Amino acid sequence: MKRAAGGFTLIEVMIAITIMGVLAVICWRALDSVANSDQRLRQADAETSTAMRVLQQFQRDIEMRADDALMNGAVRPADQPARLLPPSLTSERHPDGGFTLEITRSVGSDGLQWQRVRWWRQGSTLWRTSGAPSDHYPLPAPEPTRGLLVARDVQRFEVRAWQPGVGWAMLPSQGEVLPATGLELRLGLRDGRGPLNYRRVLAL
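What this report covers is the structure whose coordinates are included nearby. (Residues numbered from 1 in each chain as written. Predicted model: local features only at pLDDT ≥ 70, side-chain atom pairs only at ≥ 80, totals over all residues. Heavy atoms only, no water.)

**Looking at the pattern of salt bridges**
Selection rule: Whenever a carboxyl oxygen of Asp or Glu lies within 4 Å of a side-chain nitrogen of Lys or Arg, that contact is scored as a salt bridge. Counting from the N terminus, the helices are DSSP H or I runs at least four residues long and the strands are E runs at least two residues long.
Going through the model one piece at a time under the given rule, you end up with nine salt bridges. Glu102 is the salt-bridge partner of Arg116, the closest N and O atoms lying 2.5 Å from each other. You can see Arg116 sitting in strand 3 (residues 113-122) and its partner Glu102 sitting in strand 2 (residues 99-107), a full 14 residues away along the chain. Linking Glu184 and Arg186 is a salt bridge whose minimum nitrogen-to-oxygen distance equals 3.8 Å.

Below, the structure is given as structure tokens:
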């Protein structure tokens, strides 16, 4: 007598296919989640790198600014400085809400030449440009047409000055004020996660 050949029933095959389909969906979702997380991390790392680059360049410009004794001599900038700020810094608020800060700073390691550096936000883009170095007044003005794009998707570029005994004052400041002893840069960027805010405080 022959024994009937063993095999799977149709129901068993359908159950196996269903289980395999469920496992495939679970694996696909897990891989997709990992890929999305990796993309978000890369984007966050890029935004953080951009912010650190902006903060470091801004700090370097401030640290290399011309001293007050020099600015009151032969290389004073043509713009009238705000009373709150030292002579090497000037600020301006535009009708569209944009903000500009100009810094007169030394160039090179010998410090025998100076240039005017300008930071400004236009729309959601942050720019930086500089004039040609010179060793005498008047220093060439920065050329906006040669500006370098520093950061995109900028939601905030604000600078405040610290007045002893008074507190932080938004630039530009009006009226009689005490000379500032510090600056605060507030930088706001935006990516897929939403707004990202950075802050750096510098002594004057």
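Having seen the structure, we can now continue with the description.
**Concerning the sheet that holds strand 9 (residues 194-203)**
So the rule is basically this: Paired strands are those between which DSSP finds at least two bridges. Orientation is described by axes fitted as lines to C-alpha atoms, over the contacting stretch for helices, and by angles from 0 to 180 degrees between their N-to-C directions.
Spatially, 7-6-8-9 is the arrangement adopted by the four strands of the open sheet, whose pairing is antiparallel. Each end of this open sheet is capped by a strand with a single partner; those strands are strand 7 (167-170) and strand 9. Adjacent strand axes in the sheet meet at a mean angle of 25° when their direction is disregarded. Relative to strand 8 (residues 182-191), strand 6 (residues 154-163) is paired through eight bridges, and the arrangement is antiparallel. Counted as the bridge partner of Glu158 is Arg186 from strand 8.

**Re the nonpolar core**
So the rule is basically this: Buried Ala, Val, Leu, Ile, Met, Phe, Trp, Tyr and Cys residues form a nonpolar core when they are joined through side-chain atoms within 4.5 Å. Relative accessibility decides the category of a residue: with a 1.4 Å probe and only protein chains considered, values under 20% of the type maximum give buried, values over 50% give exposed, and everything between is partly exposed.
Counting 30 residues, the largest nonpolar core has Phe58, Trp119 and Leu126 as its most contacted members. Looking at this core, the elements with two or more residues in it are helix 1 (10-63), strand 2, strand 3, strand 5 (148-151), strand 6, strand 8 and strand 9. In terms of residue count, helix 1 provides more of this core than any other element does, five residues in total.

**Quick notes on the pairing of strand 6**
If a strand is regular, its side chains alternate between the two faces of the sheet. Of all 10 residues in strand 6, seven are buried, a share of seventy percent or more. By the bridge criterion, four bridges tie strand 6 to strand 7 in an arrangement that is antiparallel. Within strand 7, the residue paired with Arg160 across the bridge is Met170. The antiparallel pairing of strand 6 with strand 7 creates a hairpin that spans three residues between the two strands, and Gly165 there sits at a positive phi of about 80°.

**Quick look at the sheet that holds strand 5**
Strand order in the open sheet formed by five strands is 1-2-3-4-5, and the pairing between neighbours is antiparallel. Looking at strand neighbours, the two that pair on one side only are strand 1 (89-93) and strand 5, the edges of this open sheet. Direction aside, neighbouring strands of the sheet carry axes that sit 25° apart on average. As paired strands, strand 1 and strand 2 are joined by five bridges and run antiparallel to one another. Bridging across to strand 2, Thr90 finds its partner in Glu102.

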